[in-house]
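As a plain string of letters, each chain reads:
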Amino acid sequence: MPSAMNCADLFVRFTLAEWSLRPIQEDAANTVRGFVSAVVDKSDERSPTFITVRLRVSGAYLVVEVHDDQAIERPAVRELPLPSGVTAEAVPLPRREARRSLVDEQMQGQNVEVDPHLVRRVLTGLTRSSDEQ
């Protein structure tokens, strides 16, 4: 719990720097600190809660959400206006590249190598989970 404030602050600052939204970093960090502080203050130190901090851009706003796993109410939410002239479409969010599956590559005759250490770890994990049932 004591590290929740610092972790949330680092997450907000790093994410907004990556998204080129430094002008609203301080407002967003202050908002998240306030939300996280409220969760920490009401939590029992012997049974800490899991806190989720979510940032997303929508239209002309940065939406800040903080939720804890022991809360029955909705997450704390605040919309912060994006810098002047910036819309969600202009924010350089990370994009996932489309990946072809190994099966597609094998069917097209491409030679695909599978890491034997990874296969061994997966099989070991599957064996353990089936033994525990």
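A complete count under the given rule lists seven salt bridges for this structure. Across the pair Asp-9 and Arg-13 runs a salt bridge whose closest N-O atoms are separated by 3.0 Å. One end of the pair, Asp-9, and the other, Arg-13, are both in helix H1 (residues 4–18), four residues apart, so they sit about a helical turn from each other. By relative accessible area, Asp-9 is classed as buried at 17%. Among the ionic pairs, Arg-33 bridges to Glu-26, the shortest N-O distance being 3.7 Å. Residue Arg-33 is classed as partly exposed on the basis of its relative accessible area of 24%. Each member of the salt-bridge network shares a partner with another, and the members are Asp-9, Arg-13, Glu-26 and Arg-33.

A cluster of nonpolar side chains, namely Val-114, Leu-118, Val-119, Val-122, Leu-123 and Leu-126, defines an oily patch on the protein surface of about 500 Å² accessible area. Mapped onto the fold, Leu-118 is located in helix H4 (residues 116–131).

The next subject is the sheet that holds strand S3 (residues 76–81). Across the sheet, three strands lie side by side as S1-S2-S3; this open sheet has antiparallel pairing. Looking along the sheet, the strands with just one partner apiece sit at the ends: strand S1 (51–58) and S3. Averaged over all adjacent pairs, the angle separating strand axes in this sheet is 15°, with direction ignored. As paired strands, S1 and strand S2 (residues 61–68) are joined by eight bridges and run antiparallel to one another. Its bridge partner being in S2, Ser-58 is matched across the sheet by Tyr-61. Across the face of the sheet, H1 comes into contact with S1 and S2 while running at roughly 20° to S1. Strand contacts of helix H2 (residues 25–42): S1, S2 and S3, with the helix running at about 15° to S2, the strand carrying the most contacts.

Another point: the side chain of Thr-15. As for its position among the elements, Thr-15 is in helix H1. Side-chain polar atoms of Thr-15 contact the backbone oxygen of Phe-11, separated by 2.8 Å.

Across the eight residues of S2, six count as buried, placing the element largely inside the fold. Note: S2 against S3, six bridges, orientation antiparallel. In the sheet register, Val-66 faces S3, and the bridge partner there is Ala-76.

About the thresholds
Residues numbered from 1 in each chain as written. Predicted model: local features only at pLDDT ≥ 70, side-chain atom pairs only at ≥ 80, totals over all residues. Heavy atoms only, no water. Salt bridge = Lys/Arg side-chain N within 4 Å of Asp/Glu carboxyl O. Helix = DSSP H or I, 4+ residues; strand = E, 2+ residues; numbered from the N terminus. Buried < 20%, exposed > 50% of the residue type's maximum accessible area, 1.4 Å probe, protein only. Patch = residues over 30% accessible without salt bridge, like charges linked within 9 Å, V, L, I, M, F, W, Y side chains within 5 Å. Areas by Shrake-Rupley, 256 points an atom, 1.4 Å probe, with all protein chains shown as cover. Pairing = 2+ DSSP bridges. Axes fitted to C-alpha atoms, helices over the stretch in contact; angles between N-to-C directions. Contact = heavy atoms within 4.5 Å. Polar contact = N/O pair within 3.5 Å; in protein donor to acceptor, adjacent residues only side chain to side chain.

Keep in mind that these numbers describe shape and distance, not what the molecule does.
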